[in-house]
Amino acid sequence: MHAGQISYFSCARKLKNYMNRTKLKNTSGILIAAEGLDGSGKSTQLYLVKRWLELSGHHVYLTEWNSSVMVRQAIKRGKKKNLLTPTTFSLVHAVDFSDRYHRQIQPLLKTGYIALADRYIFTAFARDAVRGCSNAWLRNLYSFAKVPDLTFYFKLPSKVAVERILSNRPKIKYYEAGMDLNLHPEVYDSFRIYQTKIGAEYDRLSQEFNFIEIDATLPIEIQQETIRAIIAEKIDLASFKNGEVV
Amino acid sequence: MKRFYIEPLPKCNVNKLHGKLIVLEGSDGSGRTTQIAKIKNWLEGKGYAVVNCELARSQLVGPELELARRGNVLGPTTLSLFYATDFMDQFENVIIPALRAGFIVLADRYFYTLMARDLVRGADPKWVQNIYGVTLIPDLVFYLNVSPRRLIERRWQKADTMDYWESGMDMGLSRDWAISFLIYQQRLRKVFLKLQDKYGFIVVNGNKSIDSITHDIVTRIEKLLT
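Now for a look at the structure at hand. (Residues numbered from 1 in each chain as written. Chains lettered and ligands numbered in written order. Predicted model: local features only at pLDDT ≥ 70, side-chain atom pairs only at ≥ 80, totals over all residues.)

Considering the interface of chain B and chain A
Note the following rule: Whether two residues are in contact depends on their C-beta atoms, placed from the backbone: they are in contact if these lie within 7 Å. Segments assigned H or I by DSSP are reported as helices when at least four residues long, segments assigned E as strands when at least two residues long, and all are numbered from the N terminus. Gly counts as polar in this scheme, as do all residues outside two lists: the nonpolar Ala, Val, Leu, Ile, Met, Phe, Trp, Tyr, Cys and Pro, and the charged Asp, Glu, Lys and Arg.
At the junction of the two partners, chain B supplies 30 residues and chain A supplies 33 residues. Those elements that place two or more of their residues in the side of chain B that touches chain A are helix H3 (76–100), helix H4 (111–120) and helix H5 (125–131) of chain B. Per-element accounting of the side of chain B that touches chain A gives the leading share, 10 residues, to H3 of chain B. Along the lines of polarity and charge, the residues of the side of chain B that touches chain A split into 14 nonpolar, nine polar and seven charged.

Remarks on the sheet that holds strand E5 (residues 212–215) of chain A
Residues and elements named next belong to chain A. Our working rule: Strands are treated as partners if at least two bridges between them are detected by DSSP. The convention used is that axes are lines fitted to C-alpha atoms, helices contributing only their stretch in contact, and that angles between N-to-C directions extend from 0 to 180 degrees.
Taken together, the five strands give an open sheet; going across it, the order is E2-E3-E1-E4-E5, and neighbouring strands pair in parallel fashion. Looking along the sheet, the strands with just one partner apiece sit at the ends: strand E2 (60–64) and E5. Neighbour-to-neighbour, the strand axes of the sheet open up by a mean angle of 20 degrees, direction not taken into account. Taken together, the five bridges between strand E1 (residues 30–36) and strand E4 (residues 150–155) define a ladder with parallel strand orientation. Bridging from a neighbouring strand, Ala34 pairs with Phe152 of E4. Strand contacts of helix H2 (residues 42–55): E1, E2, strand E3 (114–118) and E4, with the helix running at about 165 degrees to E3, the strand carrying the most contacts.

Here we look at unusual backbone geometry
Formally: Each residue is classed by its C-beta neighbour count within 10 Å, where at least 20 other C-beta atoms makes it buried, 12 or fewer makes it exposed, and intermediate counts make it partly exposed; the C-beta atoms are placed from backbone geometry.
We note that Arg119 of chain A has phi near 80 degrees; this positive angle belongs to a residue other than glycine. Its place among the elements puts Arg119 of chain A in the loop between E3 and helix H5 (121–130). Phi angles above zero are rare outside glycine, and Lys11 of chain B is one such case at about 60 degrees. In this structure, Lys11 of chain B sits in the segment before strand E1 (20–25). Residue class for Lys11 of chain B comes out exposed when judged on the 11 C-beta atoms lying within 10 Å of it.

Here it is, written out as structure tokens:
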């Protein structure tokens, strides 16, 4: 209908031609996401998955949900002048994610990588829903992003997660503690309530998106063993070996 | 009573929005700014309190958006979301409070411009529509319809060079800036006229004289206010 669409398709065709020419396999990559509360140990687990896959010679890339300088500046200004609303808080993060998605995750997938995402769109779904954005609006906002092939949910009672964080980090930041939600005037109490709400959202998302739940109270190596077994069973790892893709 | 397009904004009570929201749409060079100044005069002369707002002026991401525009490194989806952030910041922090206080908000463009730019670049219409589903349906929307030839003439009246984005140079339509401008503006115009039914734009012939355009617009506003 619009010229932009035509050029999109012609781009897709060019990419396909390019792939044929360079003998890249036109298989799409695999996306594996890790979600869970702060302190659930998901970063450690995903890092170990990355080590396992790269040591066994696979094309793998680990991507983290880090805020860019742009977002940090905007949030800082927003906070100082009290500008942020649930909608704009959500949008600022969507801008950041979109940039990372289109410049990193999507190209990795198009070129046949196993992409490991330490936090993905569900982090936004949980956090922004707690702030009052509607689920329908959020699902639409992030609809440009591929739903992961596997999503591991590191499930931990929010009480335990909060204790883990508080014992390691003496200071909790304003938004991390959900202070903008006016849950409690005291930072630590606010953090506890906030994390409990996020945990409840994650449990709901787990049903909706068929998360693979991992008991995050178990010893690290036991969790890792389970995760590796699941990945090996569900994904044809041989096709992601180095050297397969030229 | 005011209504939202698709769903209400979190924590916003429409019953308290007593003001009026009036939007002027049209490309750069369509005479929007001139008309807004004249309408504001007319309204204030009648005793109405007016608040102006325009795109890409948000406190939240205004500076970053300007940098992004200059750098031209963001993909189209990211840039759309960036503009959406800017728009929603002003919507929630300028438009809503003014309406709550009983002002007339004269908006120098609304999300329709952002939507048209996205659609011309091949964005999914549903996606864009849903993102802006949390905005208010304005009381009146005027679209200043001006031919691209006329727009380019007006460009020379206010600037020495052409603008990268206004010329749609990111779209690869032509290596020639003027040709690109004409094709791009024509496409935008088509999209606007397509959106007209859905969003109830009042199309104003922007090729007419300044005073006669003001007259047309003011007549409609007068009807709204009585």
